[in-house]
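Breakdown of the fold
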Amino acid sequence: MKQKVGVLASGRGSNFEALLHHERTGFFQNIEIACLIVDQPQAGALEIAQRYGVPAYTLLRKDFSSKEAFEQAIAHTLDLHGVSWVVLAGYMRLVGPTLLDKYPQRILNIHPALLPSFPGLHAQRQALEYGVKVSGCTVHFVDSGMDTGPIIVQRCVPVLPNDTEETLSARILEQEHQAYAHALKAVTERPWRIEGRVVRFLDETKE
Ligand code: GAR
């Protein structure tokens, strides 16, 4: 039986849709996307879930007395679907101990920069303002820090002289949609372990 993936999102949902597209075209051997949870009532990801027939839930932080209670509600919803992998797809909150302890090394995030450069909000704007000549995206395991966990996949793109935040973001997003699917496939189909903070794929020879 395939392992179940739960997706958490806050906005547009293009990464969620890219993962669904990969799933529906047979890209993943071992997983299926079981549910979506959003923390914003207007999240575009909700419409995508409806289009693909994926069960979707809206849980608002303000409806809970603490972050712990909010995350317990998320965990309960994920349990309803037997979820064992959690994918953050534009989920704009720090994950707390309730979820981290329940899914150790089973929560993935995507960030629109080459970490450890430019963590946090507006990563593409940060990269432009810093003047870097390449940027990209990073898929990583989630730990208690902000965009700090062990790196699974990175892809880079050039930063061009006339780039705006919009043009750079679009170039990176195209890579995000590929990188996320490949990272999720890798950690669910290949043997790996984390050494220090290095994600080592055991079917790859050490240099
Ligand atoms: C993506 O660019 C993702 O990398 C970023 O939010 C966007 C969500 O787009 N995530 C973060 O910045 C998290 N730190 P999407 O809703 O279309 O997938």
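In short, a report on the structure.

**Here's the deal with the site of the ligand**
- Around the ligand sit R12, G13, S14, N15, G90, M92, I110, H111, P112, D147 and E176, and that is every residue in its neighbourhood.
- E176 places a side-chain nitrogen or oxygen 2.6 Å from an oxygen atom of the ligand.
- For the shell around the ligand, the secondary-structure elements that each account for two or more residues are α1 (14–24) and β5 (107–111).

**Focus: the packing of aromatic side chains**
- Scanning the model with the defined rule gives four aromatic pairs in all.
- Seen in terms of ring centroids, F27 and F28 are 5.3 Å apart; in terms of plane orientation they differ by 75 degrees. Their pairing is edge-to-face.
- Classification of F28 as buried rests on a relative accessible area of 4%.
- Geometry around F27 places K185 over its ring, the cationic atom sitting 5.0 Å from the centre.

**Quick look at the nonpolar core**
- Counting residues in each nonpolar core, the largest one holds 61 residues, and the members touching the most others are F16 and I152.
- The contact partners of I152, leaving out residues within four places of it in the chain, are L108, V139, H140, F141, A183, V187, V199 and F201.

**Quick word on the environment of R125**
- Summarising the element assignment, R125 is placed in helix α5 (residues 123–130).
- Sequence spacing of R125 and A113 is 12 residues, and the spatial spacing of their C-alpha atoms is 10.0 Å.

**Regarding the pattern of salt bridges**
- Enumeration according to the criterion identifies 14 salt bridges in this entry.
- For the salt bridge of D163 with R171, the shortest nitrogen-to-oxygen distance reads 2.7 Å.
- What makes D163 buried here is its relative accessible area of 13%.
- Given a relative accessible area of 21%, R171 falls into the partly exposed group.
- Ionic pairing is found between R193 and E195, a salt bridge with its closest N-O pair at 2.9 Å.
- Residues participating in the shared-partner salt-bridge network are E17, E47 and R51.

**Topic: the environment of E23**
- Following the sequence through the fold, E23 ends up in helix α1.
- The exposure class of E23 is buried, given its relative accessible area of 15%.
- In sequence terms E23 and D143 are 120 residues apart; their C-alpha atoms lie 26 Å from each other.
- Not counting residues up to four positions away in its chain, the partners in contact with E23 are F28, E32 and I33.
- A distance of 2.7 Å separates a polar atom in the side chain of E23 from a polar atom in the side chain of R24.

**Concerning unusual backbone geometry**
- Between L115 and the following residue, P116, the backbone shows a cis peptide bond with an omega angle of 10 degrees.
- The phi dihedral of Q105 is positive, around 55 degrees, even though this residue is not glycine.
- With respect to the secondary-structure elements, Q105 resides in the loop between α4 (97–102) and β5.
- For Q105, a relative accessible area of 41% gives the class partly exposed.

**Quick notes on the state of the cysteines**
- Counted by the stated rule, this structure contains zero disulfides.
- Cysteine C156 remains unbridged, with the sulfur of C137 as its closest cysteine sulfur at 9.1 Å.
- For C156, a relative accessible area of 55% translates into the label exposed.

Basis of the calculations
- Residues numbered from 1 in each chain as written.
- Predicted model: local features only at pLDDT ≥ 70, side-chain atom pairs only at ≥ 80, totals over all residues.
- Heavy atoms only, no water.
- Near = heavy atom within 4 Å.
- Polar contact = N/O pair within 3.5 Å; in protein donor to acceptor, adjacent residues only side chain to side chain.
- Helix = DSSP H or I, 4+ residues; strand = E, 2+ residues; numbered from the N terminus.
- Phe/Tyr/Trp six-rings, centres within 6.5 Å; stacked < 30°, edge-to-face > 60°.
- Buried < 20%, exposed > 50% of the residue type's maximum accessible area, 1.4 Å probe, protein only.
- Lys NZ or Arg CZ within 6 Å of the ring centre and 35° of its normal.
- Core = buried A, V, L, I, M, F, W, Y, C linked by side-chain atoms within 4.5 Å.
- Contact = heavy atoms within 4.5 Å.
- Salt bridge = Lys/Arg side-chain N within 4 Å of Asp/Glu carboxyl O.
- Disulfide = S-S within 2.5 Å.

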